[in-house]
Amino acid sequence: MAEKYIIRVTAGPDYDVDKHVVVPVNTHEPVKISSDLGDTDLNVRVQNYRGLPRDSPKTSPYFSLEPHATNKDQYSIAIRFTPKKPTSSASSKTASTDPSTSSSPESNDEDSDEEERLNGISGADLQFGNDFDHPIRDRLPPGFSYAMNIVKWWIDPGLDGDVYADQPYLYGPALSSFNTIHIGQGEHDQEKGGLHFEEGGDEDGEKERQAIGAPETAKDRMKWALKPANKEKWVFQYDRTYCLDFFNPYLDFNEFSLRLPGFTLPIMKYWDGQGLRYVLRNRATDETYLVIVFTLHLKEDVNEDGTLKPAALAALKEDKTLAKEAGKLPTETKDVSKDDDYQEARKQFENLNVNEGTGGQEDDDGVD
């Protein structure tokens, strides 16, 4: 079944696929994505890639570097992220309806929380993970609970969510989910596949980590970040650049399978048509900074030049509709100021000589 499909990777600042750009997988030049909430450079690498664009390299020099060669990593999502201070209207959105948000803080912590929001994003609030627009519970295979236990024990103990919900999600704190975090600009090297980061930071970044007691190594930092108090110490400061890399050997995009220790899941057997979506988001405000979507299209719905045929475009339109129904996109409302009939009526009203009408009424008053 997998041979009938081809992968297309897109990315944008939010869930609106119309704003997304196609990601040139395995190329060294990063995609640049900007919004009012942040600027992002993005590299996506996939081992043995056979997707769109059609001329994409099959692999990247990144996978020959350590630790990826030893780990036999299958993909990487490398992000250079600079959060921006939100506008007053955006920053006022502090109440969240997200089910992954913890209960309200004690009143004596509110001032501290507000000050933190003015400086940046709390380490407890920046999340990375997957979400879906409609239920997947009826498509989950036997033994899925066992697989989730493996993921939480072996791969990402900070992962949390509800795969049985009407809108399933699995988010983890960025601090414990990303394999590499570097405070600063990091490195861009064509010979290394583009964006390349080492755990740590530039000179100022190293001082910031030391000041809050963040460990030097990635493994220790991920473990350290599992404690709520430590997450609260870390702030992703506005206008400061952070380099994040997420990679693992478990998801095989070539065979469309999930390979965990002692458990293999053939994804296509249980796939319901939804794309695999990775989201960088704010837990406290529900705001998104980056959305990356791995979408499977039937090969027959893709033109030779890699553009999508009407059937594939219709499927994307349906995906957008589902995102709106799930509340991830605002419902479009008609702007009356742009309505042609309204503009014409307004023009005619402005050309009216109101005084003429008033004078006529005064004349009428004098008639017997």
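Details of the structure are given in the entry above.
Described in the following lines is the structure provided in the data block. Note that the coordinates shown come from a computational prediction; the quantities given were computed from them, not determined experimentally.

Points about the overall build of the protein chain
A count of helices and strands for the protein chain gives 12 helices and 20 strands. Out of the 368 residues belonging to the protein chain, those deemed buried represent 48%. With an accessible surface of roughly 19900 Å², the protein chain has 49% of that area assigned to carbon and sulfur atoms.

As for the pattern of salt bridges
Taken as a whole, this structure holds 19 salt bridges when the rule is applied. Notably, a salt bridge pairs lysine 32 with aspartate 41, separated by 3.3 Å at the nearest N-O pair. Accessibility expressed as a relative area gives 11% for aspartate 41, which makes it buried. The partner of arginine 240 in a salt bridge is aspartate 202, with the nearest N and O atoms 3.3 Å apart. Linking arginine 240 in the loop between strand E14 (235-237) and strand E15 (242-248) with aspartate 202 in the loop between strand E13 (200-201) and helix H6 (203-212), this pair joins segments that are 38 residues apart in sequence. We classify arginine 240 as buried; its relative accessible area is 16%. Judged by relative accessible area, aspartate 202 falls into the partly exposed class, the value being 30%.

Focus on unusual backbone geometry
Residues leucine 52 and proline 53 are joined by a peptide bond in cis, for which omega reads -10°. Looking at where proline 53 falls in the secondary structure, it is placed in the loop between strand E4 (38-46) and helix H1 (68-71). Going from glutamate 66 to proline 67, the amide bond is cis rather than trans, its omega being 5°. Among the secondary structure elements, proline 67 is positioned in the loop between E4 and H1. In this structure, asparagine 48 takes a positive phi of about 55° despite not being glycine. Relative to the elements of secondary structure, asparagine 48 occurs in the loop between E4 and H1. For asparagine 48, a relative accessible area of 44% translates into the label partly exposed. One non-glycine residue with positive phi stands out, namely lysine 72, at about 60°. Lysine 72 gets classed as exposed once you look at its relative accessible area, which sits at 62%.

Notes on the side chain of aspartate 131
On the secondary structure map, aspartate 131 appears in strand E7 (residues 126-131). When its relative accessible area of 1% is taken as the criterion, aspartate 131 is described as buried. Of note is the side chain of aspartate 131, whose polar atom sits 2.6 Å from the side chain of tyrosine 15. Within polar-contact distance, the side chain of aspartate 131 engages the side chain of arginine 277 at 2.7 Å.

Description of the pairing of strand E10 (residues 180-183)
By the alternation rule, side chains of E10 split into Thr180 and His182 and Ile181 and Ile183, which are all buried. Taken together, the four bridges between E10 and E15 define a ladder with antiparallel strand orientation. When the sheet's bridge partners are listed, isoleucine 183 is paired in E15 with tyrosine 242. Sheet analysis places E10 next to E13, joined by two bridges and oriented parallel. Across the sheet, the residue bridging to isoleucine 183 is glycine 201, located in E13.

Observations concerning a positive patch on the surface
Positive charge collects at one region of the surface, where Arg50, Arg54, Lys58 and Lys299 lie side by side. With relative accessibility at 37%, the residue arginine 54 sits in the partly exposed group.

Brief notes about the packing of aromatic side chains
In this structure the tally under the stated criterion is 16 aromatic pairs. Clustering of aromatic rings is evident, with ring pairs tying together Tyr75, Phe128, Phe178, Phe246, Phe253, Tyr278 and Phe294.

Side note on the sheet that holds E10
Taken in spatial order, the six strands make up an open sheet running E3-E4-E5-E15-E10-E13, and their pairing is mixed. Pairing within the sheet leaves two strands with one partner each, and these edge strands are strand E3 (31-35) and E13.

Points about the sheet that holds strand E20 (residues 288-298)
Spatially, seven strands are ordered E2-E1-E20-E19-E7-E9-E8 in an open sheet, and the strand pairing comes out antiparallel. Of all strands in the sheet, those with a lone pairing partner are strand E2 (21-22) and strand E8 (160-162), marking the two edges. Relative to E2, strand E1 (residues 5-12) runs antiparallel, the two sharing two bridges. Residue pairing across strands places alanine 11 opposite valine 21, the latter belonging to E2.

Some words on the pairing of strand E17 (residues 257-260)
When strand E16 (residues 251-252) meets E17, the two strands line up antiparallel, connected through two bridges. Note that in E17 the partner of aspartate 252 across the bridge is serine 257. Joining the antiparallel neighbours E16 and E17 is a turn of four residues, in which phenylalanine 256 adopts a positive phi near 55°. Counting the residues that bridge the hairpin from E17 to strand E18 (residues 263-266) gives two residues, and of these glycine 262 lies at a positive phi of roughly 80°.

Focus: helix H10 (residues 310-325)
Between its first and last C-alpha atoms H10 spans 23 Å; for 16 residues at 1.5 Å apiece the expected length is 22 Å, and the two agree. Taken together, the buried positions of H10 are occupied by Ala312, Leu316, Lys320 and Ala323. The arc enclosing the buried residues of H10, seen along the axis, measures out at 90°, which places them on a common side. Those residues of H10 that are exposed and aimed more than 90 degrees away from the buried face are Pro310, Lys317, Glu318 and Glu325. Contacts from the buried residues of H10 go to E1 and E20. Phi turns positive one or two residues past the end of H10, at glycine 327, with a value near 85°.

Thresholds applied
Residues numbered from 1 in each chain as written. Predicted model: local features only at pLDDT ≥ 70, side-chain atom pairs only at ≥ 80, totals over all residues. Heavy atoms only, no water. Helix = DSSP H or I, 4+ residues; strand = E, 2+ residues; numbered from the N terminus. Buried < 20%, exposed > 50% of the residue type's maximum accessible area, 1.4 Å probe, protein only. Areas by Shrake-Rupley, 256 points an atom, 1.4 Å probe, with all protein chains shown as cover. Salt bridge = Lys/Arg side-chain N within 4 Å of Asp/Glu carboxyl O. Polar contact = N/O pair within 3.5 Å; in protein donor to acceptor, adjacent residues only side chain to side chain. Pairing = 2+ DSSP bridges. Patch = residues over 30% accessible without salt bridge, like charges linked within 9 Å, V, L, I, M, F, W, Y side chains within 5 Å. Lys, Arg positive; Asp, Glu negative; His and termini not counted. Charge placed at Lys NZ, Arg CZ, Asp CG, Glu CD. Phe/Tyr/Trp six-rings, centres within 6.5 Å; stacked < 30°, edge-to-face > 60°. Expected span 1.5 Å × (residues − 1). Arc of directions from axis to C-beta. Contact = heavy atoms within 4.5 Å.

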